[in-house]
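Understanding the architecture of this molecule
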Amino acid sequence: MTESLGFPHRRFNPLRRQWVLVSPHRTDRPWQGEVNKTSGFSDVHYDPQCYLCPGNQRAGGKVTPKYESVYVFDNDYAALLPESPEPHRENAPELLRAERERGRCRVVCFHPDHSLTLARMQVGDIRKVVDAWTEEYRTLGAVPDFRYVQIFENRGAMMGASNPHPHGQIWTTEHVPDEPAAETEALAEYRASRGSCLLCDYAGLEAREGVRVVEENDGFLAVVPWWAVWPFETLAIAKRHLRSLLDFGDAERDGLADILKQLTTRYDNLFETSFPYTMGFHQAPTDGEGHEEWHFHAHFYPPLLRSATVRKYMVGFEMLGMPQRDITPEAAAERLKAVPVVHFTER
Ligand code: H2U
Ligand code: ZN
């Protein structure tokens, strides 16, 4: 790392094609290594009030069955519906545009045990979740009207998760949403102009430089990306050029399960708390095109900055100008690498 990167500068995100302002001097203060007073974990394995625990009542009189590993159901409060009429207004002005958006929302319970999280689950059980995600991507993506399948997890109240029970969501839409649409354009343009894949090239670079690498296994490389916006943001990149979950072999499914376990464990260990985040996969749209340019990856966007309670706010300049971060991605990677690999609740 050159010393000049210790001063304010901006870095380019070639995947999203936007800049991030880096202000490293703002958190030059020594690291306190603060840990949380309570772990944020419950040891309640079954909560009679939880609508995701096996055998319990959900909204609208539905019952969550007594499932034993992974359970997927249609969201009772779905943001998208399979049928929705074309919004139509007589003489609608060009500046007041609307379009129909059809889709389907699913909820994925990762495990029947209420007290678990990805970080505290066995890799073999996370592998079952990977298999379920793959089947959901396959079947939802096969519907001709659905062009994108967004798999994600909101973890922790700070990120708006409504329930601590280990679960994620899948939203499928008629149009490719803005984030993956922007990435599709960047990946396609890079491939057209250089004849190689942006993320294959980037993963190679990160492996050589090493300073931003947090975790690695046979299938995946996890880094705090050069262009990270959130303090401890990470990007897990498939080592092979895999367009989507459907291109995964057995080893890569295991590799994804393992990298999720390792990353979430490092996050929890950082402030000895159940670390909040939004995590999700970006992969090829399901619009019937080949999408050779697509390269599967997972984004982790965690809000915490200095402790279990002090978070980064994306306000002011970030909302009106551009994203900004205080610690360098290299410093964040170093901290994530420095924590033990065993979960703090098991030590
Ligand atoms: P989040 O914790 O990420 O919000 O996901 C939980 C989802 O579960 C949420 O989208 C749904 C909510 O709509 N839900 C049901 O489908 N049925 C219920 O009985 C309660 C909540
Ligand atoms: Zn529960």
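1. Description of the side chain of T184
- Within the secondary structure, T184 sits in helix α2 (residues 178-194).
- Once residues within four sequence positions are removed from consideration, T184 is found in contact with P285, H291, E293 and W294.

2. A look at the sheet that holds strand β12 (residues 324-325)
- The strand order across the open sheet built from three strands is β1-β2-β12, with neighbouring strands paired in mixed fashion. Both outer strands of the open sheet, β1 (9-13) and β12, are each paired with one neighbouring strand and no more.
- With five bridges connecting them, β1 and strand β2 (residues 18-22) associate as antiparallel partners. Opposite R10, over in β2, you have L21 as the bridge partner.

3. Topic: a nonpolar patch on the surface
- Taken together, the side chains of Y313, V315, M319 and L320 make up a nonpolar region of the molecular surface, amounting to roughly 520 Å² of accessible area.
- Secondary-structure assignment places L320 in helix α5 (residues 317-320).
- Note on L320: relative accessible area 79%, which makes it exposed.

4. Details of the packing of helix α4 (residues 250-271) against helix α6 (residues 329-338)
- Remark: α4 packs on α6, axes separated minimally by 8 Å, with the N-to-C direction vectors making an angle of 90°. Compared by their axis directions, α4 and α6 come out roughly perpendicular. Facing α4, whose interface residues are R266, Y267 and L270, α6 presents R335, L336 and K337.
- Residue composition of the contact of α4 with α6, grouped by class: three nonpolar, no polar and three charged.

5. Here's the deal with the environment of L304
- Mapped onto the elements, L304 comes out in the loop between β11 (297-301) and α5.
- Judged by relative accessible area, L304 falls into the buried class, the value being 0%.
- Residues L304 and Y277 lie 27 residues apart in sequence; the distance between their C-alpha atoms is 8.5 Å.

6. A look at helix α1 (residues 123-141)
- The end-to-end C-alpha distance of α1 is 26 Å, a good match for the 27 Å that 19 residues give at a rise of 1.5 Å each.
- Here α1 has its buried residues at I126, R127, V129, V130, A132, W133, T134, E136, Y137, L140 and G141.
- Where α1 is buried, its residues touch β3 (71-74), β4 (103-109), β5 (148-155), β6 (167-173), α4 and β10 (277-282).

7. Focus on the coordination of the zinc ion (ligand 2)
- Of the protein atoms, only C50 (SG), C53 (SG), H114 (ND1) and H165 (ND1) coordinate the zinc ion (ligand 2), at distances of 2.0 to 2.3 Å.
- What the four donor atoms of the zinc ion (ligand 2) show is an angle range of 104 to 116° at the metal, which sorts the shape as tetrahedral.
- Between the donor residues of the zinc ion (ligand 2), the gaps in sequence give the motif C-x2-C-x60-H-x50-H. Taken together, the residues span a long stretch of sequence, with C50 in the loop between β2 and β3 and H114 in the loop between β4 and α1 at a distance of 64 residues.
- Since its relative accessible area comes to 3%, C50 is described here as buried.
- Accessibility expressed as a relative area gives 6% for H114, which makes it buried.

The rules behind these values
Residues numbered from 1 in each chain as written. Chains lettered and ligands numbered in written order. Predicted model: local features only at pLDDT ≥ 70, side-chain atom pairs only at ≥ 80, totals over all residues. Heavy atoms only, no water. Helix = DSSP H or I, 4+ residues; strand = E, 2+ residues; numbered from the N terminus. Contact = heavy atoms within 4.5 Å. Pairing = 2+ DSSP bridges. Patch = residues over 30% accessible without salt bridge, like charges linked within 9 Å, V, L, I, M, F, W, Y side chains within 5 Å. Areas by Shrake-Rupley, 256 points an atom, 1.4 Å probe, with all protein chains shown as cover. Salt bridge = Lys/Arg side-chain N within 4 Å of Asp/Glu carboxyl O. Buried < 20%, exposed > 50% of the residue type's maximum accessible area, 1.4 Å probe, protein only. Axes fitted to C-alpha atoms, helices over the stretch in contact; angles between N-to-C directions. Parallel < 35°, antiparallel > 145°, perpendicular 65-115°, else oblique. Nonpolar A, V, L, I, M, F, W, Y, C, P; charged D, E, K, R; others polar. Expected span 1.5 Å × (residues − 1). Donors = N, O, S within 2.8 Å, 3.2 Å for Na, K, Ca; no water. Tetrahedral: all angles 85-135°; square planar, octahedral: opposite > 155°, others 65-115°.

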